[in-house]
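Each chain is listed here by its residues.
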Amino acid sequence: MNKPVTFSAPDLQFDTPAAARLRRVRRFKDQLTTASVGIGGVSVIIAIMLIFIYLLYEVLPLFESASIEPWQQQSGAVAAYARPGDEADTLYLGVEEQNEVAMRLDTEGQAYFFDVTSGELIEQIEVGLSEAPVGAFALNSDHSQLFALGHADGTLTVAKHHYKVTYPNDVRLITPQLQYPYGETALALSPALSQIDQLAFRDGEERMSAVALDGKALHLTRFSKEENFITEEIEISSEHYALPRLPHPVDKLLISPDQRWLYAVGPQGQLTPVDLRDPQEPLLHATEQATTGRIASVAFLLGGNSLLVGDDQGTVSQWFLVRDDSNEYHLQKIRSFDGTRGQPASLIVPEQRRKGFVVAEGGHSVSFYNATAHNKVLSADLGSATITRMTISPRANGLLLETDDHRMSFWRVNNEHPEVSWSALWEKVWYEGYQEPEFVWQSSASTNDFEPKYSLAPLAFGTLKAAFYAMLLATPLAIAGAIYTAYFMAPGLRRKIKPFIELMEALPTVILGFLAGLWLAPFVEDRLASIFTILLLVPVGILVFAYLWSRAPKALRWLVPDGWDAALLIPVIVLLTLACMPLAEQVEALLFGGDMRTYITNELGISFDQRNALVVGLAMGFAVIPTIFSITEDAIFSVPKHLSNGSLALGATPWQTLSRVVLPTASPGIFSAVMIGMGRAVGETMIVLMATGNTPIMDVNIFEGMRTLAANIAVEMPESEVGSSHFRILFLAALVLFLFTFVVNTLAELIRQRLRRKYGSL
Amino acid sequence: MNTSFNDWFRSGAPWVWLTGGAVAINVIMVAGLLILIAWRGLGHFWPADILQAHYQVPNSEAVRVIGEVADTERVPAEQLRQAGVPVPEGTETMARHLLKVGNRDVTGLDFQWALKDNLEEVQYPERLFAAERREWGNFYGYLRGLKQDGEEVARFDPATDDDADYEQLWNDFLQRVERALSIHEQIKTIEKGDIGAINYELERLRLKERRHELDGDLTPQVQADIQSQRDELNRRYEGLQGELTELYRAFNRDHYLAEVANGREMEIAVSHVVRAYRPNAMGMVDKAGHYLSKLWEFLSDEPREANTEGGVFPAIFGTVMMVLLMSIMVTPFGVIAAVYLREYARQGPLTRLIRIAVNNLAGVPSIVYGVFGLGFFIYFLGGTIDPLFFPEALPSPTFGTPGLMWASLTLALLTVPVVIVATEEGLARIPRAVREGSLALGATKAETLWKVVLPMASPAMMTGVILAVARAAGEVAPLMLVGVVKLAPSLPLDTNYPYIHLDQKFMHLGFHIYDVGFQSPNVEAARPLVYATALLLVVVIALLNLTAVAIRNRLREKYKALEH
C-alpha cells in the first residue's frame, strides 16, 4: 500500500482576520441593501397613503362640528364680569375685529368701551346730538358699525363706533372712537312725528332712509347725500313722506340695503313688505303669516336680502322676496330651522361675513346656524342666567353675552366651515335672488355679502357628461380597432400599427386641448352637418366597399394579402370623408336652410356654444382611445391560440370564433380597459379646460359646454385662500376624483390579475 | 366564389370589415393630427408673400390693402348678407381671406377679413417689405427714407428714382438694423447680466443683514462690512448705468420713413426692428435661409410681445431643467421599488397590494397630484422649511411658494409608476440562471444585484426614465398649481450663486401652449407660434418614446438570445 498522500492548502485560509472582515463588510452591505430596498418598496404604498391621508386631512375640517367655550387667555379662562356702566338697559353691543374692545350702548345714550375679556372700562362717551332722551335705536348693519338714535324731539343722531389700530413699539393698540359721519348736528325726522316708538335706518352710497313709527303712523324720511366738490363735505338734504297705515300693529321695522323695501313685523307673526321705490306712492304688499305663534325676534341675514324670523317655539324661518315670471315680488318662506327646546328664539344675531346667524333660545342656550347650508352647526347651554343681549365678533370667532343679572361673558367660537353640508354640496338649494332652488357652483364674486354657492352637482354632472361623450366615441373605435389588430391583422402590420396608436397615448393632452379649442371647435361649428354626415356615412361606406370588394375579381382580391384589409380601407375612408364635405353642404342647404348651426339655434331653440360637449367628446375620445385600445388588444391577443384554433377547426367562421370564443374569454380584460379609460376621461384636465367654456351648467345638450371637477380645480385652486371653505371644497373635489379613480383602477387591476391567473392555467 | 349578399352578411365579414375600419380610422386620426400640427407648425416660419390690392367693396370707395394672406375660408353668402355685407345675388358661398395687415400702431388691428372677389389689382410688388418689431407687431410698407439723429440722410422718391436707388436705400437700412441689433445685444448683456447680478448681490446682502439682525449678532463691524460691499456694488451699478445711457443714445439714433397701406408716411425707430425682409423679392434660397434663421430664433430666443412673437427658449430650458431634476428624484425611488417587488419581496398579499398601489398611482388624475403638491409640498413642507432655514426672507416665502423643486417633486411622484413598471419588466426578463449562477459562485444577494442584475436591467431602467421624462414633459395640469408661470424673469440656472435656483418659478412648453393659445390678448397673432410650440413638444415626446421603444425591443432580442 502506498503511503497516503495528503494535500495541504496553505493558501486557502478562510479565517484570516482580513477575510473575516471582508465577510462582515459583505454581510453588512447585503443587509443594508435588503433593508433599503424594502423601505423603497413599501414607500410606494406610503406615497399613495400619503396622498389619500393628506387630501383627507385637508377635507376633514369641513365636517368637523363647531364648538364654543369660554374665551381663553394666558391666565386661563375668562370669567363673567359685571357689565360696565350704569343701570340703564343695553340698546346695543358691538365687538371689534381683534376681539379686544367691545362697546355697550345704553338707553341713556352712553357708549361704554371696555376690554372684552376683563370688562375694564376704557372710555365712556356720550352719544347723541340732541339733548332729548333716546326714544329708539336702529342699526344700519353690524358690519358698517353705523347706528342711529331717534330722539324724543323728532331728531336723528347717526353715529359710528370705530376702532383705530396703531402699533406704538410694535404692540397693537386699539383706540375706540365715536364718529358722526354726517356732521355734528342732529338730522330732523318728519315734523309730523309726536313720538318715536320704532325706528328703522339704512345708509347707502347716495342716500339714507329712516322710517319712524308714531303710534300707528309710519313716517319715511329720505336724506340725499351730496358731496361738495370744493370742501369734500357731505351735504344732506331731506324729504319726508307719510306711509300708508299697516293692517296690523308693528313690533319691528327693517329697511333693505337698497332702501327699496320696508319690512314691518307684527306681534302675531305678520310680515308686511312695503315697496318704497316711489316714496310718493308706496306700495303695500300682501301680509304673510310668518308663524302661527308670536314672533320673538327678527333680523336681516348678511347682505340684507333675507329676513330671519324667530318665533316663540324656537323655530327660525328665512324669508326673501322672490320675483315671479310677471316680475312681481312676493315674500317667500325659503326654509326654516327648528329649535331644539320649544322655547322662544328671543335673539337672532347675524354673522358679519357669512350667511350664518346665532339664535339665543329659551334664555340661556345659543344655537349657530348657516342659512345656505340649511344646517345647525352648534347648540350649547351657556350658564343659567337668561341672555338679554348678544353680539358676535366680525370674524365670527367670539360671542359676547349679557345676561339678566347684568353680567357679561365672552366666549370663543370655533366654527370654521358652517357653509358646508350634504345639502349644500349635493342638493338643490334656494339661493338668495333665485326664483327657485337650483344647483349652482359660484364660488366667488366681487361683493363681500355674496352668498357662496358650493354645489358640486353641476361639476360632477359636467365631469360625467364629458366622460360620457368621450367614451361614446372612444369605446367602439378602440375596442373594434383592438379586435381587428389582435385577431385579424397580419402580424407584420400589427407590429407597426400597435406602437403607432400607442404613441398617441404619450401625446400631451395640452396639445389635444389646444387643437380642440382653437382648431376643432371652429371647424365643428362651421361644418356641423359634415361631422354628422361623416359619422353616418363612413360606416355605411365601409360596408358598401366591403361588399363590392367581395364581388371583385379574384385577381384583384388576391393582390391584397390576408390581414391587410384595414390598409385598404384607409384611402376609402379618406375619400369618403372628403366626399362628405360637399355632400353635407347640399344636405345643409336642403334640410337646414343653408346652415345647420343657425338652424339649431333659431329653429330648434337649442343653445349652441362653440366649445361644446361634442368637441370635448371628440378630443377626449381621441385621448382615451389608445388607453382602451392597448389594454383590450393585450387582453384579446393573450387569449390562448388553441381555443380559437379549436373553434375554427370545428367549422366556425372567424367571426363566430371571435364573438363566441375569444371575446367572452377576453371580456374581463376589455371591461377593465373600459374602466381605466373611464378613469382617464374623468380625471382629464387640460382638454376640458381648453375645449369647453368652463361654465358650470347642468344640461345634457351636446352643443353646450360644461365644467368638470378637474378643470374647476385647475381654474380656482390658485386663487383660493388657503384654509378657507372654498379651498377645502376644492380638496374635496380632488379627493372625490382620487377615490373614483382609485375604485375604478383597483377593480380593473383585480380583474386583470384574475384574468392572468385564469390564462396561466389554460 | 360569388356569394349572395345574405350569405356574405351572415358570414360575419361585414363586422370584420367594420373592425378593420375602426383601425383605419384610428390610424387616420393619429396621422392626421400629426400632419396637421407639422403643417401648421412648420409653415409659420416660411416667409409669406405680401399682397397689395385695392379692396373694392361695392358702393364704397376703394382702399389700398397690404398684407399677408393668413387664412382663406368659404362663408355662406347668407351669413354675409345678414351681416350687411353687399353680396351679388345668386352666390351660395364666397371665399374670403384673412389678411395679416400688421401695423397695429396705425390701424389698431393686426388682421382684417377681405372677400376675395372684392380684391382688385392684386399684385406682389418687390419693393414691399416686412419688419418684425419689438412692439406693435409686424410692419408692412414701402421704404421711403432714413433719418439719423433727426436729420434725413437718404430719400427715395418713387416718381423719379429707380430700382437701383431702392436697393441702395434698402441695403443702407439693413446695415442700420444690423447696427441697432448689435447694440441691443450689448444693452441686454449689461441689463440682464451685469446689472442683474448686482441686483442679486444687493438682495443677498439685504438678506444677510436681516439674518444677522435676527440672530442678534449684527455688530457695527458686520454692518460696516455689508455697507462697504453695498457701496461697491452701487458704484459699479452707477458705472454701468452711465454706459447704458450712452448705448441707448446710440441705439435710438436712426429712424426709417416708410409708406403704409393708406398712403401715410410713418417715422419709426430702427431700434424697434428685429428683422426686415422683402419676401416678394426673395428667391427660394433666400426664403430657405430666412426660414432657418426664423427657426433658430424660435428655438434660441426669448419671447417678445407678450409671448406671441420671438422664441420659446426659456420654456425649453425650464422644461429640461424640471425634467432633469425630476429624473434625479424618480430614478432611484422607482428602481428600488421595482427591485423590491421583483427581487426581494416574497410574492404574496403585500406585493399584490403594492402592485395595486402602483397601478392606482398611475391612474390618479394628474390634477390630483397638483393639488397634493400644492397642499403638501408647498404649503405644508415649504411653509415649515421657510421659518427654519430662510427666516430672513420672511414674510416673502422662499420655498413656501410654487417653484421648480416642488414641481419636479410632484412630477416625480406622478411618474414613479412608469419607472417601476418598466424596470420590473426588465428585471423579469433576466433569466433566472444568471442570478443563480452568481449566487452559486458565492456572491451575496446584494452583490448579485449590484454587479449582475442591475447592469443587465439598466436599459430597462433607461426605458422607464425616458418614458417618465416624456410623460413629465407633456404634463401641464399639475404644473399650473405648483410652479409654472407664463413669463419667468430669469432662468433657473445662471451665474449667480448658488447657480441653480430651486425656489424659482419657471416656464414650460406645455403651459406655454395653454397660456399663449388661451390667455393671450392676441390669440390670432399667436396661433402660428402655438402650433410651432406644439410641434416642438410633439417631436420631443415622440422621439423620447420611440427611443424608449427601440431600447425595449433591443433588450427583448438580447434576452431572447440569452435564454438559448
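The numbering scheme is per chain: residues are counted from 1 as the chain's sequence reads. Think of it this way: whatever chain is written first is A, whatever ligand is written first is 1, and the rest follow in order. Per-residue local features of the predicted model are confined to residues with pLDDT of at least 70, and side-chain atom pairs are confined, for both listing and counting, to 80 or more; whole-chain, interface and lining totals are unaffected and use all residues. For the side-chain quantities, the full set of heavy atoms in the structure was used; hydrogens and water were omitted.

Engineer: Is there a simple way to explain the confidence of the model for chain B in this structure?
Structural biologist: Atom-level detail of predicted coordinates should not be read off regions where pLDDT is low. Overall, the prediction assigns chain B a mean pLDDT of 86, with 99% of residues at 70 or greater. Across the assembled chains, the prediction reports ipTM 0.88 with pTM 0.88. As a per-residue measure, pLDDT reflects the predictor's confidence and takes values from 0 up to 100.

Engineer: Hey, could you run me through the interface of chain A and chain B in this one?
Structural biologist: For an interface, size is often stated in terms of accessible area lost upon the parts coming together. Facing the 96 residues of chain A at the interface are 92 residues of chain B. Two parts placed together each lose some accessible area; with a 1.4 Å probe, that loss summed over both constitutes the buried area. A combined buried area of about 8,200 Å² lies between chain A and chain B, and 80% of that area is made up of carbon and sulfur atoms. Should a side-chain nitrogen of Lys or Arg be within 4 Å of a carboxyl oxygen of Asp or Glu, the pair is scored as a salt bridge. Between the two partners, chain A and chain B, sit 1 salt bridge. Two residues, arginine 26 of chain A and glutamate 447 of chain B, come together in a salt bridge whose shortest N-O distance is 2.7 Å. Any pair of N or O atoms that falls within 3.5 Å is considered a polar contact. Within protein, one atom must be able to donate a hydrogen and the other to accept it, and sequence-neighbouring residues count only if both atoms are side-chain atoms. If you look at where chain A meets chain B, you find 8 residue pairs in polar contact (both at pLDDT 80 or more). Only runs of H or I of at least four residues qualify as helices and only runs of E of at least two qualify as strands under DSSP, and these elements are numbered from the N terminus. Broken down by element, the residue count for the side of chain A that touches chain B peaks at 20 residues, all from helix 1 (residues 17-59) of chain A. Looking at the side of chain A that touches chain B, its residues break down into 66 nonpolar, 19 polar and 11 charged. Two residues form a contact once any of their heavy atoms are found within 4.5 Å. Think of it as three bins: nonpolar holds Ala, Val, Leu, Ile, Met, Phe, Trp, Tyr, Cys and Pro, charged holds Asp, Glu, Lys and Arg, and polar takes everything else, Gly as well.

Engineer: Explanation requested: helix 6 (residues 220-251) of chain B in the structure shown.
Structural biologist: In an α-helix, one turn spans 3.6 residues, which is why side chains three or four residues apart end up on the same side. Residue and element names in this part refer to chain B. To estimate how far a helix should reach, multiply one less than its number of residues by 1.5 Å. Under the 1.5 Å per step criterion, the end-to-end length of helix 6 is 45 Å for 32 residues, consistent within 8% with the ideal 46 Å. Of all the positions in helix 6, only Val222, Ile226, Arg230, Leu233, Leu240, Leu244, Leu247 and Phe251 are classed as buried. Each element contacted by the buried residues of helix 6 is listed here: helix 5 (163-215). A 1.4 Å probe rolled over the protein chains alone gives each residue an accessible area, and that area as a share of the maximum for its type sets the label: buried under 20%, exposed over 50%, partly exposed in between.

Engineer: Is there a simple way to explain the confidence of the model for chain A in this structure?
Structural biologist: Averaged over all residues, the pLDDT of chain A equals 86, while 98% of them reach at least 70. Here helix 9 (residues 596-602) of chain A is the element of chain A with the lowest mean pLDDT, 78, and helix 3 (residues 457-488) of chain A is the one with the highest, 92.

Engineer: I would appreciate a short explanation of the sheet that holds strand 17 (residues 234-243) of chain A in the present structure.
Structural biologist: Either a parallel or an antiparallel arrangement is found when strands of a sheet pair, and the pairing is made through backbone hydrogen bonds. Residues and elements named next belong to chain A. Pairing is antiparallel in the open sheet, where 4 strands are placed in the order 14-15-16-17. Each edge of the sheet is formed by a strand with only one pairing partner; in this case those strands are strand 14 (198-203) and strand 17. Across the sheet, the mean angle from the axis of one strand to that of its neighbour is 15°, orientation sign disregarded. Bridge analysis of strand 16 (residues 217-227) against strand 17 gives 10 bridges, and the strand direction is antiparallel. Directly across from glutamate 227, in strand 17, lies its bridge partner isoleucine 234. When DSSP finds at least two bridges between two strands, those strands are taken to pair. To get an axis, a line is fitted to the C-alpha atoms, and for a helix only the part in contact is used. The angle between two axes follows their N-to-C directions and goes from 0 to 180 degrees.

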